[in-house]
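Spelled out, the chains give:
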Amino acid sequence: MSTVQRTWKVNGRTVRVRAPAGRRLLDYLREDLGLIGSKESCGEGECGACTVIVDDEPVVSCILPVGQLADGTEILTVEGIEKKRIGRLVQQAFVEVGAVQCGFCIPGMIVSSYALLAKNPKPSTRAIREALAGNLCRCTGYAKIIAAVKLAAARIPAAKRK
Amino acid sequence: MTKRTSKPVRWVGQGMPRVDADGKVRGTTRYVNDVDYKGVLHGVVVRSPVARGILKALVPDPAFDWSPIVLATAKDVPGENVVVMHDRTMPLVAEIGAEIRYRGEPVAVVAAKTPELAAEAARRIRVEVEELPPLLTLQEAIAIFKSAPEKLESMKSQDIVKGDVATGFAAADEIVEAEYWAGHQEQLYLENQGLVVFPQKDGSILAEGSIQCPYFPVHELNDCLKLPPEKIRVRQTPIGGAFGGKEEYPTMLIGYAALPALKSGKPVKIAYERNEDILYTTKRHPVWVRYKTGFKKDGTLTAIECDFILDGGGYLTISDVVMFRGILHCAVAYRCENVTIRGKVARTNSFPCGAFRGFGAPQAIWGIESHIDAIAARLGRAPHEYRRQIHARPGDVTPTGQVLSKENGSTACLELALKRSDFAKKLKLSSRGRLRKGQRKLYGVGLAFFAHGSAFTGDGEAKFKAKGRVELTRLDGGKPVVDIRVSSTEMGQGVHTIFTQIAADALSLDPAHVRFPMADTGLAPNSGPTVASRTTMVVGNVVHRAAQDLKRQIEAFASLRFFKGAPAELRDSQLAAKGAKPVPFAKVAQALLAEIGPASGFFQFQLPPEIRWDQTTFKGDSYPGYSWSANVAEVEIDPLTCEIEVKRVTAVIDVGRVINPVLATGQVEGGLTQALGYAIMEKIGTGKNGLYDAARLQTYIIPTALDVPEYDVKFVEYPYSFAPPGGKGLGELPMDGLAPAIANAVEAATGRRLRQIPITPESIFAALHAPQGGTP
């Protein structure tokens, strides 16, 4: 398999990538960069536990080959999210509301929630449900996760809202 | 400064945030696959390609380089080739010449430096089996049972008898009889099964991983690994969901990994990918349940006769106890003088079924709650009015002869659920098969009412005597800390948080002083498995009492050391005595640790002596306590596509004292959502060659954020006073009743009773287009 060389920004840090083109982004993040926050559960893009943000869009990193990402790609994982104001608000709200149980889906949930609020700081309940529909959770029944996203949204300073 | 007379701070009853939430939201919590285990070999299980047959040979491909591979077969089992669960029939890996009983039964384990190489090696072993005709489904087993009951191969049978059903049927004005079916259900924890076995120099093993019940393997692998309990040490890593799926199964997984580990002397990790995890781990037991009920014109039940048959799969494992819990829930919630329940575990050639939240009770409650609605319909009574009449309440006698105590909130649950859901009014709006004015979809509302027995069945807790410690010790930096040492595992349900609350209250300490390290059989006494809705009630009481024991020791020390013998009290994190200036807990603890060393409070659980149970006759007090609930489901069904949507669910619940209302509500919402999947989405079977037919998340569908209804969860508290702080079982109850509530709502919406779950658009379509008359 051909090796690709790229320069990305991962969580704000410049990373020189050298990896087989077909290597899954998830494996690259977890094994080469040690960013173990992104999880593998289904391995086929169904559950969202491996969700990361690539150029402002949430994607499932378990079915994304490294070779598909160009130079200059910006990647944000759960580890980078707490450096963002909205990211911190999301994390705090998940803790306060009780949206966390086993925790395995939570990094993906946090990433998807952040991606939603970064674009739409005042989402409707329907918009939250749709934004999280690609993230499976077996513990919570989603009610508190949806409530946490609402709480985080309510705390985003007015200036940030459209 | 607060007055001496003010009440101490209380943590029980507060919605304290989870103690483990921070790492989980930041992605720093390390599950087993997040740990870099240096030098481990990766194990892959080699499996039978057929569901039944005689294992003739394992033929490694001579063209493959086997030098870097560890291959372990039945010949490498150090002791007797048996995993001792509830019988001694199941081998760890199949022997040459022995019968294969299910598709995927392990025949060997290979291990190599990479998972890829191990998987390749596994593929290079030809497994030769002389095929025999398999019995693959419960449907086939029930067909045998109906034609000739004695020909059904039952791995365990048990009856419950109260009064005389013949007399009851003779006294009845009417009889309703019906059958109900439910299929397999996959636990679908988000984190797949995974663990590592480290062989130790002294011949013992250490296993760690995603393990719900660390003491199970300690006592179930002794014979096959030829190791005494003290030479099998097991500890949990953070568990990404379990729901019973990591209860008994990891025992087998430890056994599989131990074979190449002991053979090579190297640690071996086995971590399943999703596909393998769905195909080759346990599921909820499929059930066939037949109710025949006699009743008078006024509704009084005169007889309940019930056959309850589970599909156990190829081996018994723990299915007998699943069946026991099932039959104990078949008729426990209603008044009836004459009851006969016959439970069986059918042997089939499917993967052995195992523990899954509810453990037989959801299957039983699915049947009875559908059936009670059918009786109400025959009587021309509203389902809620009928349940008001016949539901069990304090003073009533259960089918095993147990008198329900006052600590049962059955009536309160039923009444409050009816009120909060506005059930009576909504029932009148139900479509009954025809769109009413203004309705674009068929609308229906349904009710289920049920109990769930807390803790081990019968005198299980009396015999087991759960043990636990609460220790005062030092962190590495010298800071004193109180450690909870019990074997209960944190798997998302929140035990680390609620036990911290319980210990903090019992000690009157700030929770910041309390830690709950991960369960480890090398460090914590056996407080039992984290199962059976027993943890809060039983082990919570052990933690409470052990913490009180430690508190007395700290107070005695403080009295002598700081207060010249005056009685001291630990209260709100400081030690106080009359007329003296209080001393902070940390200071007293430092002194105690320096002068005496670590202190430890201990407790061993005992049941009240009046609890009596006869395991052979199934008579007596079947559970120490009962939790109760009523669920109301509202559904909408598209009349054209038959697509079903559950819009709103009301759940009122008595689990005794609620330790943490935020966590408890989350448990309920999550359990209800699993029940929602069980009711209308999650479909998986073994019709084709014994292999599960939905092996991935593209085909096994669980609820998403778009599928969940609006939940209204409310607790009513009838605490279990014998075991402070008084919690009863919560974990399983939310899984029990929503499926029949939804089926009853579907009946209200369509006018048709569906007697098999999952209820899919296809099955609704078939029912709507079937000739009328199928509904009793």
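Worth saying up front: this structure is predicted, and the values here are computed from it rather than measured.

Novice: Mind showing me how you'd approach the overall build of chain B here?
Specialist: Across its full length, chain B holds 21 helices and 29 strands. Expected size for 776 residues packed as a compact globule is a radius of gyration near 28 Å; at 27 Å, chain B falls within 12% of this value. Oriented by its inertia axes, the alpha-carbon framework of chain B measures out at about 85 × 80 × 50 Å. The buried share among the 776 residues of chain B stands at 59%. Here the analysis covers contacts within chain B between residues at least 6 apart in sequence; of these, 79% occur between residues at least 24 apart.

Novice: Just to check I follow, could you spell out the sheet that holds strand 4 (residues 57-60) of chain A for this structure?
Specialist: Sheets are built from strands paired through backbone hydrogen bonds, the pairs being either parallel or antiparallel. Residue and element names in this part refer to chain A. Taken together, five strands build an open sheet; the order of strands is 2-1-5-3-4 and the sheet is mixed. Every interior strand has two partners, whereas the edge strands, strand 2 (13-20) and strand 4, have only one. With strand direction ignored, the average angle separating the axes of adjacent strands in the sheet is 40°. Two elements, strand 3 (residues 51-54) and strand 4, share four bridges in a ladder whose sense is antiparallel. Within strand 4, the residue paired with T51 across the bridge is V60. The sheet contacts of helix 4 (residues 106-119) involve strand 3 and strand 4, and relative to strand 3 the element is tilted by about 35°.

Novice: Would you mind going over the interface of chain A and chain B with me for this structure?
Specialist: Size of an interface, as often reported, equals the accessible area lost when the parts are brought together. Across the contact, 39 residues belong to chain A and 43 residues belong to chain B. Mapped by element, the contributors of at least two residues to the side of chain A that touches chain B are helix 2 (78-81), helix 3 (85-97), helix 4, helix 5 (125-131) and helix 6 (143-155) of chain A. Among the elements that make up the side of chain A that touches chain B, the one with the highest residue count is helix 3 of chain A (four residues).

Novice: Teacher, can you tell me more about the domain arrangement of chain B here?
Specialist: Residues and elements named next belong to chain B. By the assigned domains, chain B splits into domain 1 (21-30 + 466-604), domain 2 (39-133 + 188-278) and domain 3 (287-458 + 615-768). Distance from the C-alpha centre of domain 1 to the C-alpha centre of domain 2: 38 Å. Facing the 16 residues of domain 1 at the interface are 15 residues of domain 2. A class-by-class count of the residues in the side of domain 1 that touches domain 2 yields five nonpolar, eight polar and three charged.

Novice: Please clarify how unusual backbone geometry should be interpreted in this entry.
Specialist: The general pattern is negative phi for most residues beyond glycine and trans for most peptide bonds. Along the chain, P724 of chain B connects to P725 of chain B via a cis peptide bond; the corresponding omega equals 5°. Tracing the backbone shows P725 of chain B in the loop between strand 28 (710-715) and helix 19 (733-736). That bond from I757 of chain B to P758 of chain B is cis: its omega, 5°, falls within 30 degrees of zero. In this structure, P758 of chain B sits in the loop between strand 29 (756-757) and helix 21 (761-768). In this structure, Y142 of chain A is a non-glycine residue whose phi angle is positive, near 70°. By the secondary structure assignment, Y142 of chain A is in the loop between helix 5 and helix 6. Exposure remark for Y142 of chain A: the 27 C-beta atoms within 10 Å place this residue in the buried category. Not every positive phi belongs to a glycine, and A532 of chain B is a case in point at roughly 65°. Summarising the element assignment, A532 of chain B is placed in the loop between strand 19 (514-515) and helix 16 (535-562). Residue class for A532 of chain B comes out buried when judged on the 27 C-beta atoms lying within 10 Å of it.

Novice: Honestly, the packing of helix 10 (residues 361-379) of chain B against helix 11 (residues 383-390) of chain B in this entry has me stumped. Any pointers?
Specialist: The description of two packed helices rests on the angle between their axes and on the distance between the axes. Residue and element names in this part refer to chain B. Contact pair helix 10 / helix 11: the axes reach a minimum separation of 9 Å and the direction vectors enclose 105°. The angle between helix 10 and helix 11 places the two elements in the roughly perpendicular class. Across the interface between the two elements, I372, D373, A376 and L379 from helix 10 touch P383, Y386 and R387 from helix 11. Its residues assigned to classes, the contact of helix 10 with helix 11 shows five nonpolar, no polar and two charged.

Novice: How do you make sense of the packing of helix 18 (residues 661-680) of chain B against helix 20 (residues 738-750) of chain B when you look at a structure like this?
Specialist: All names here are of chain B. It is the contact of helix 18 with helix 20, at a shortest axis distance of 8 Å, that shows an interaxial angle of 50°. Relative to helix 20, helix 18 is oriented oblique. Handedness of the helix 18/helix 20 crossing: right-handed. In contact with L672, A675, L676, Y678, A679 and I680 of helix 18, helix 20 contributes L738, A739, I742 and A743. When its residues are assigned to classes, the contact of helix 18 with helix 20 shows ten nonpolar, no polar and no charged.

Novice: Sorry, what's going on with the sheet that holds strand 18 (residues 480-485) of chain B here?
Specialist: Residues and elements named next belong to chain B. Reading across the sheet, the four strands line up as 19-18-17-23 and stay open at both edges, with mixed pairing between neighbours. The two strands at the open ends of the sheet, each matched to only one other strand, are strand 19 and strand 23 (599-604). In this sheet, strand 23 lies alongside strand 17 (residues 467-474) in antiparallel orientation, the contact comprising six bridges. Paired with E471 across the bridge in strand 23 is S600. Along the sheet, helix 15 (residues 495-507) contacts strand 17, strand 18 and strand 19; its crossing angle with strand 18, the most-contacted strand, is approximately 120°. Lying over the sheet, helix 16 contacts strand 17, strand 18 and strand 23, oriented at roughly 140° with respect to strand 23.

Novice: Hey, could you run me through the domain arrangement of chain A in this one?
Specialist: Residue and element names in this part refer to chain A. Taken domain by domain, chain A holds domain 1 (3-77) and domain 2 (82-160). On a C-alpha basis, the centres of domain 1 and domain 2 stand 21 Å from each other. Across the boundary between the two partners, domain 1 contributes 13 residues, which contact eleven residues of domain 2. With three residues, strand 3 is the single largest residue contributor to the side of domain 1 that touches domain 2.

Novice: So what exactly am I meant to see when it comes to the pairing of strand 12 (residues 268-271) of chain B here?
Specialist: Residue and element names in this part refer to chain B. In strand 12, alternate side chains face the same way, and those of V268 and I270 on one face and K269 and A271 on the other are all buried. Two strands pair when backbone bridges link them, and strand 1 (residues 41-47) and strand 12 are joined in this way by two bridges, in the parallel orientation. When the sheet's bridge partners are listed, L41 is paired in strand 12 with V268. Pairing of strand 9 (residues 194-199) with strand 12 involves four bridges; the strand directions are antiparallel.

Novice: Explain the nonpolar core to me, please; I cannot follow it from the model alone.
Specialist: In globular proteins that are soluble, nonpolar side chains generally tend to be buried together. In this structure, V110, A503, V543, A679 and I742 of chain B are the most contacted members of the largest nonpolar core, which totals 313 residues. Sequence-distant contacts of A503 of chain B, that is, excluding residues within four places in its chain, are made with V470, V482, I484, V514, V543 and A547 of chain B.

Novice: Which parts of the structure should I look at to understand helix 6 of chain A?
Specialist: Taking 1.5 Å per residue, 13 residues should reach 18 Å; helix 6 of chain A reaches 19 Å between its end C-alpha atoms and fits that length. Here helix 6 of chain A has its buried residues at A143, K144, I145, I146, A148, V149, A152 and A153 of chain A. Those residues of helix 6 of chain A that are buried are in contact with helix 3, helix 4 and helix 5 of chain A together with helix 18 and strand 28 of chain B.

Novice: Sorry if this is basic, but what is going on with helix 17 (residues 585-595) of chain B here?
Specialist: For an α-helix, the turn length of 3.6 residues means that residues three or four places apart are oriented alike. Residues and elements named next belong to chain B. Turning to helix 17, its buried residues number three or more, namely F585, V588, A589 and L592. The buried residues of helix 17 all sit within an arc of 100° when viewed along its axis, so they share a single face. Along helix 17, the residues that are exposed and aim more than 90 degrees away from the buried face are A594 and E595. At the C-terminal side of helix 17, G597 shows a positive phi close to 110°.

So, how was this worked out
Residues numbered from 1 in each chain as written. Chains lettered and ligands numbered in written order. Predicted model: local features only at pLDDT ≥ 70, side-chain atom pairs only at ≥ 80, totals over all residues. Helix = DSSP H or I, 4+ residues; strand = E, 2+ residues; numbered from the N terminus. Rg over C-alpha atoms; globule rule 2.2 N^0.38 Å. Buried ≥ 20, exposed ≤ 12 C-beta atoms within 10 Å, placed from the backbone. Contact = placed C-beta atoms within 7 Å. Pairing = 2+ DSSP bridges. Axes fitted to C-alpha atoms, helices over the stretch in contact; angles between N-to-C directions. Domains from an automatic or database assignment. Nonpolar A, V, L, I, M, F, W, Y, C, P; charged D, E, K, R; others polar. Parallel < 35°, antiparallel > 145°, perpendicular 65-115°, else oblique. Left-handed = near helix turned anticlockwise from the far one by under 90°. Core = buried A, V, L, I, M, F, W, Y, C linked by C-beta atoms within 7 Å. Expected span 1.5 Å × (residues − 1). Arc of directions from axis to C-beta.

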